[in-house]
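So the chains spell out like this:
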Amino acid sequence: MRAFLSDYVAVTKYYLANTEQAKTDLHKAGFVRTPLPVYLKTSDWKRTPDGRVNVDSLKKLAVFMHEKLEWLEKPVNVDSMVDQSYLPN
């Protein structure tokens, strides 16, 4: 798991530093079917170079999904579900 997350952090850093090239490579490899010019202009998810999960954001999302959307049957304890200790320092 540590090796996988180390690779994930490395590739995320590369992606953030070279977004256009990374998107072009993903498209060329067939991972994206959207026409390349459209894909290159598409907004991307916000990623942190260290691979960390924004726990506060997940908590807000969980409350919204439970209370407003009623997609969750019961509240979610996000803190008990997120373990970032395996990520590289």
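This text follows the structure it describes.
Keep in mind that what you see is a predicted model, and the values were worked out from it rather than measured. (Residues numbered from 1 in each chain as written. Predicted model: local features only at pLDDT ≥ 70, side-chain atom pairs only at ≥ 80, totals over all residues. Heavy atoms only, no water.)

### Brief notes about the overall build of the protein chain
Here is the rule: We count a stretch as a helix when DSSP gives it H or I for four or more residues in a row; a strand needs E for two or more, and each element gets its number in order from the N terminus. Both definitions apply: the radius of gyration is a C-alpha atom measure, and the globule rule equals 2.2 Å times residues to the power 0.38. Summary of the burial criterion: residues with accessible area below 20% of their type's maximum are buried, those above 50% are exposed, and those between are partly exposed, where the area comes from a 1.4 Å probe applied to protein chains only. By the convention used here, residues are in contact when the closest approach between their heavy atoms is within 4.5 Å. A 1.4 Å probe and the Shrake-Rupley method give the accessible areas. Residues count as covered only by the protein chains that appear here. Counted as positive: Lys and Arg. Counted as negative: Asp and Glu. His and the chain ends are not counted at all. Every charge is mapped onto a representative atom, which is NZ of Lys, CZ of Arg, CG of Asp or CD of Glu.
Scanning the protein chain from terminus to terminus reveals five helices and zero strands. When the helices and strands of the protein chain are listed from N to C terminus, the series reads α-α-α-α-α. Since a compact globule built from 89 residues should have a radius of gyration of about 12 Å, the 17 Å found for the protein chain marks it as more spread out than a globular shape. Referenced to the eigenvectors of the C-alpha coordinate spread, the extents of the protein chain come out at roughly 40 × 35 × 20 Å. Looking at the protein chain as a whole, 15% of its 89 residues qualify as buried. In the protein chain, 51% of the contacts between residues at least 6 apart in sequence involve partners at least 24 apart. Summing over all exposed atoms, the protein chain offers an accessible surface of approximately 7,500 Å²; the carbon and sulfur share of this is 57%. Charge separation in the protein chain, taken as the distance between the mean sites of 13 positive and 11 negative side-chain charges, equals 5 Å.

### Concerning the packing of helix H1 (residues 2–17) against helix H2 (residues 19–28)
Counted only if it meets this: In this description, a line fitted to the C-alpha atoms serves as the axis of each element, helices being fitted only across the stretch in contact, and the angle between N-to-C directions of two axes falls anywhere from 0 to 180 degrees. The labels follow the angle: roughly parallel below 35 degrees, roughly antiparallel above 145, roughly perpendicular from 65 to 115, and oblique for the rest. Under the convention adopted here, Pro, Cys and the residues Ala, Val, Leu, Ile, Met, Phe, Trp and Tyr are nonpolar, Asp, Glu, Lys and Arg are charged, and Gly plus all remaining residues are polar.
Running from amino to carboxyl end, H1 crosses H2 at an angle of 110°, the nearest separation of the two axes being 5 Å. With respect to each other, H1 and H2 are oriented roughly perpendicular. Across the interface between the two elements, Tyr14, Tyr15, Leu16 and Ala17 from H1 touch Thr19, Gln21, Ala22, Lys23, Asp25 and Leu26 from H2. Grouping the constituent residues of the contact of H1 with H2 by class yields six nonpolar, two polar and two charged.

### Thoughts on H1
Stated precisely, the cut-off is as follows: By this rule, a helix spans an expected 1.5 Å times one less than how many residues it contains. The arc under discussion is defined with respect to the helix axis, by the directions toward the C-beta atoms.
For H1, spanning 16 residues, the distance from its first C-alpha to its last is 23 Å, which sits close to the expected 22 Å at 1.5 Å a residue. Buried within H1 are the following residues: Leu5, Val9, Thr12 and Tyr15. All buried residues of H1 project into a common sector of 130° when viewed along the axis, lining one side. Residues of H1 that are exposed and point more than 90 degrees away from the buried face comprise Ala3, Asp7 and Ala17. The secondary structure elements touched by the buried residues of H1 are H2 and helix H3 (36–41).

### With respect to the pattern of salt bridges
Put simply, the rule is: In what follows, salt bridge is the name for a side-chain nitrogen of Lys or Arg lying within 4 Å of a carboxyl oxygen of Asp or Glu.
What the rule picks out here adds up to two salt bridges. Linking aspartate 44 and arginine 47 is a salt bridge whose minimum nitrogen-to-oxygen distance equals 2.8 Å. Salt-bridge contacts for lysine 59 lead to aspartate 79; the nearest nitrogen and oxygen are separated by 3.0 Å. Of this pair, lysine 59 sits in helix H4 (residues 55–68) while aspartate 79 sits in helix H5 (residues 78–81), and the two are 20 residues apart along the sequence.

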